[in-house]
Amino acid sequence: MHSSLPRGPDLAFSLPANANGILPDRMIAAMEEDGLILPAFPFVESQIQPASLDLRLGEVAYRVRASFLPGPDVTVAERIDELKLHEVDLSDGAVLETNCVYIVPLLESLALPPSILASANPKSSTGRLDVFTRVIADGTRRFDMIGAGYHGPLYAEISPKTFPVLLRQGSRLSQVRFRTGMPQLNNDELEALHQAEHLVDCENADLAGGVAVSVDLSGEGSDGFVGYRAKRHTGVVDIDRRGGYAVDDFWEPIRARPDHSLILDPGEFYILASKEAVQVPPNYAAEMVPFDPLVGEFRVHYAGFFDPGFGHAGAGGQGSRAVLEVRSREVPFILEHGQIVGRLVYEKMLAPPQTLYGTRIASNYQGQGLKLSKHFRAPV
C-alpha cells in the first residue's frame, strides 16, 4: 500500500475541464505550493525545468543485493530492509562504486490527484556518464512510472556502470514529468506539426510512431570524429562539478571509418550523435523512446526528455543533434551510418512554459552537436 502523507485541506490547485497535456513549469510550482509535491526542503534554483522537475537525493544510500520492483501492497522501504547490505552517508558526499546497486530516498514526495500521473527519466548529464538510474514508488510494477493519485515517497535506484561517481544529498540525477489526459500526438497530428515546424532537418522524414532518429557515423562537420568510447578504470566523477575533468582522462575519441560503420563491443559505452538536427516547438515536449529491439543488440539513450524549446530558433537552438548514449548488449554489433536507433515521441503541453529550454540558464546542450556531459572541459 502507499505510504501515508498529509493531504492538507482542500487544495486550490485545479486543472481546466478536459485538460490534456504535460504540465509546464508554473503549474509544477503551483503543485508544490498546494501540497501535491512535498519537498523535504524548499526547491533550489533551476530545479523546475520548462516541463519537468529535477529530483534530489536524500542523505543516505542503501547498497542492496539486487535491483527490484516492490509490486502491489509492498513499500520500497520494506524491500530495502530485506535486501540492504549496508548504508552510505551522503550528507557530506560519498562515492558510489561501479556495478553496484543503490537505493536512495528522494527529497521529493508526491500527493497526486486522480487526474495527474507522473513519469521519470535520467537527466541528460546522468545518462552521458553511464549512470543507470530509475525512480521507484511504493506498490508499483514498473520503473519510472508513478500512477495517477499516488500518495507516497519516491526513491532512486542508482547503478554507475562505467565511472565511479561522487554524490551528495541534494544531487540531481533524475527528473519527473506530470501529465494529464492523453497528450501524445498521433501520426496525423505529428505529420501536421512537422509540416508547420519542420521538426527534423531531412527530406522524407520517417514519422511513423514518432520522429525517426538515426546515428551519424560520417564524421562530417566534426573534424572526422564520430563519437567517444569511455575508458575503463578511471578516477571518480563528482556529479555536481561542472567542467572539472579533462576529456582524455575518461574518453577515447573515435574517428570515422571509410565505410562509415562502427563495431560496438559488448560492455563498452559510447557517446554518439544523431544524423538529424531536431527541434521541439514551445507548445510541445518530446521523449526519446527505444527503437524496435529486434533490429539490433544495443541500447540507445538512457536520458529521454526533450523540453519545449530544445533546438528551437526562438530559444537559440536552430536545430540540435540528439546525443546518443549507446551500449552494446551480449554480442558485438555493427552500426551503420544513418541506421535508425530511436524515435522522438511528441506530446502537447497543457500550456506554454514560462521559460523555454536553455533560456533561463546557460544550457550545456542547446544547439549541441557531438557533446559530452557538462562535467568535462571542452577541448582547446
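What counts, and where the lines are drawn
Residues numbered from 1 in each chain as written. Predicted model: local features only at pLDDT ≥ 70, side-chain atom pairs only at ≥ 80, totals over all residues. Heavy atoms only, no water. pLDDT = per-residue confidence, 0-100. Contact = heavy atoms within 4.5 Å. Pairing = 2+ DSSP bridges. Helix = DSSP H or I, 4+ residues; strand = E, 2+ residues; numbered from the N terminus. Phe/Tyr/Trp six-rings, centres within 6.5 Å; stacked < 30°, edge-to-face > 60°. Buried < 20%, exposed > 50% of the residue type's maximum accessible area, 1.4 Å probe, protein only. Lys NZ or Arg CZ within 6 Å of the ring centre and 35° of its normal.

J.: In this structure, what is going on with the confidence of the model for the protein chain? I would like to understand it.
T.: Close inspection of predicted coordinates is inappropriate for parts of the model with low pLDDT. Predicted confidence across the protein chain gives a mean pLDDT of 88, with 89% of residues reaching 70 or more. Low pLDDT, under 50, characterises residues 1-11; the stretch is placed with 22 contacts to residues that sit more than four places away or in other chains. A low-confidence stretch, residues 361-367 stays under pLDDT 50, and its non-local contacts, those more than four residues away or across chains, total 30 contacts.

J.: Help me understand the pairing of strand β17 (residues 225-230) in this model?
T.: On a regular strand, one side chain projects to one face of the sheet and the next to the other, so that they alternate. Taken together, the 5 bridges between β17 and strand β19 (residues 251-255) define a ladder with antiparallel strand orientation. Each residue of the ladder has a partner; that of Tyr228, found in β19, is Pro253.

J.: Looking at this structure, how should I read the packing of aromatic side chains?
T.: Any pair of aromatic rings gets described here by the distance separating the centres and the angle formed by the planes. Inspection of every chain in the model, using the stated rule, returns 9 aromatic pairs. Summarising the aromatic geometry, the rings of Trp251 and Phe269 are spaced 6.2 Å apart at their centres and angled 45° between planes, so their arrangement reads as tilted. Of this pair, Trp251 sits in strand β19 while Phe269 sits in strand β21 (residues 269-278); the two residues are 18 residues apart in sequence, bridging distant segments of the chain. Assigned by exposure class, Trp251 and Phe269 land together as buried. With a centroid separation of 4.9 Å and an interplanar angle of 90°, the aromatic rings of Phe306 and Phe310 are classed as edge-to-face. Both residues of the pair, Phe306 and Phe310, count as buried. An aromatic cluster of at least three residues, connected via ring pairs, comprises Phe163, Tyr228, Tyr245, Phe250, Trp251, Phe269 and Phe376. Residue placement shows Arg177 over the ring face of Phe305; its charged tip is 4.3 Å from the ring centre. One Lys or Arg, Arg241, reaches over the ring of Tyr245 and ends 4.9 Å from the middle of that ring.

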